[in-house]
Amino acid sequence: QVQLVESGGGLVQAGGSLKLACAASGIAFRTTDAAWFRQAPGKERERVAATIWTGGNVSYRDSVKGRFTISRDNAKNTVSLQTNRLNAEDTAVYYCNLAHWAGSTWSHYWGQGTQVTVSS
């Protein structure tokens, strides 16, 4: 079974930082692309950061560029998201996503999410 478990969320003041982590099991982690998504109440889920299986070719949505950093540690089967200078717009449930190529199509796997709440 593929299992992704996020951690690191919590309540933080505006301007603060949190480091989110996603631990993966039951998947060939070394050959998966990884991404972080978030979803606020009443809004659609949006991708905030992504990287390919090598850990390179990183991308970020404009609103988090310069503040968030995605990274992966294949030895520990984890992907992390360092979030800095958080603001109210960052309040959301953050989800880890892994994508694996199954020979003919992509398979996507999701964690349960971790809540990030930014107070002002």
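Residues numbered from 1 in each chain as written. Predicted model: local features only at pLDDT ≥ 70, side-chain atom pairs only at ≥ 80, totals over all residues. Heavy atoms only, no water.

Colleague: For the overall build of the protein, give the residues involved together with the corresponding values.
Modeller: In terms of helices and strands, the protein carries 0 helices and 11 strands. N-terminal to C-terminal, the α/β element order of the protein is β-β-β-β-β-β-β-β-β-β-β. Taken over C-alpha atoms, the radius of gyration comes to 14 Å for the protein, in line with the 14 Å a tight globule of 120 residues would show. Here the C-alpha coordinates of the protein stretch approximately 45 × 25 × 25 Å along the principal axes. Here the protein holds 120 residues, and 38% of them are scored as buried. In the protein, the proportion of contacts linking residues at least 24 apart, taken out of those at least 6 apart, comes to 53%. As displayed, the protein has an accessible area near 6500 Å², and 49% of this comes from carbon and sulfur atoms. (Helix = DSSP H or I, 4+ residues; strand = E, 2+ residues; numbered from the N terminus. Rg over C-alpha atoms; globule rule 2.2 N^0.38 Å. Buried < 20%, exposed > 50% of the residue type's maximum accessible area, 1.4 Å probe, protein only. Contact = heavy atoms within 4.5 Å. Areas by Shrake-Rupley, 256 points an atom, 1.4 Å probe, with all protein chains shown as cover.)

Colleague: Just give me the short version of the state of the cysteines, but keep the residues and values in it.
Modeller: Scanning the model with the defined rule gives 1 disulfide in all. With a sulfur-sulfur separation of 2.3 Å, cysteine 22 is cross-linked through a disulfide to cysteine 96. With the S-S bond torsion at -80 degrees, the cross-link from cysteine 22 to cysteine 96 turns out left-handed. Of this pair, cysteine 22 sits in strand β3 (residues 18–25) while cysteine 96 sits in strand β9 (residues 92–101), placing them 74 residues apart in sequence. Residue cysteine 22 is classed as buried on the basis of its relative accessible area of 1%. (Disulfide = S-S within 2.5 Å.)

Colleague: Before we move on, could you go through the packing of aromatic side chains and cite the residues and values that matter?
Modeller: Under the criterion given, the structure shown has 2 aromatic pairs. Pairing phenylalanine 37 with tryptophan 110 gives two aromatic rings, centres 4.9 Å apart and planes at 65 degrees, and the pair type is edge-to-face. Of this pair, phenylalanine 37 sits in strand β4 (residues 33–39) while tryptophan 110 sits in strand β10 (residues 106–110), and the two are 73 residues apart along the sequence. Exposure remark for phenylalanine 37: the relative accessible area of 16% places this residue in the buried category. (Phe/Tyr/Trp six-rings, centres within 6.5 Å; stacked < 30°, edge-to-face > 60°.)

Colleague: I'd like a rundown of the environment of phenylalanine 29, residues and numbers included.
Modeller: Position of phenylalanine 29 relative to the elements: it lies in the loop between β3 and β4. By relative accessible area, which is 2% here, phenylalanine 29 ends up buried. Between the C-alpha atom of phenylalanine 29 and that of tryptophan 53, which follows or precedes it by 24 residues, the distance is 8.0 Å. The residues contacting phenylalanine 29, other than those within four sequence positions of it, are Ala24, Arg72, Asp73, Asn74, Asn77, Thr78, Val79 and Leu98.

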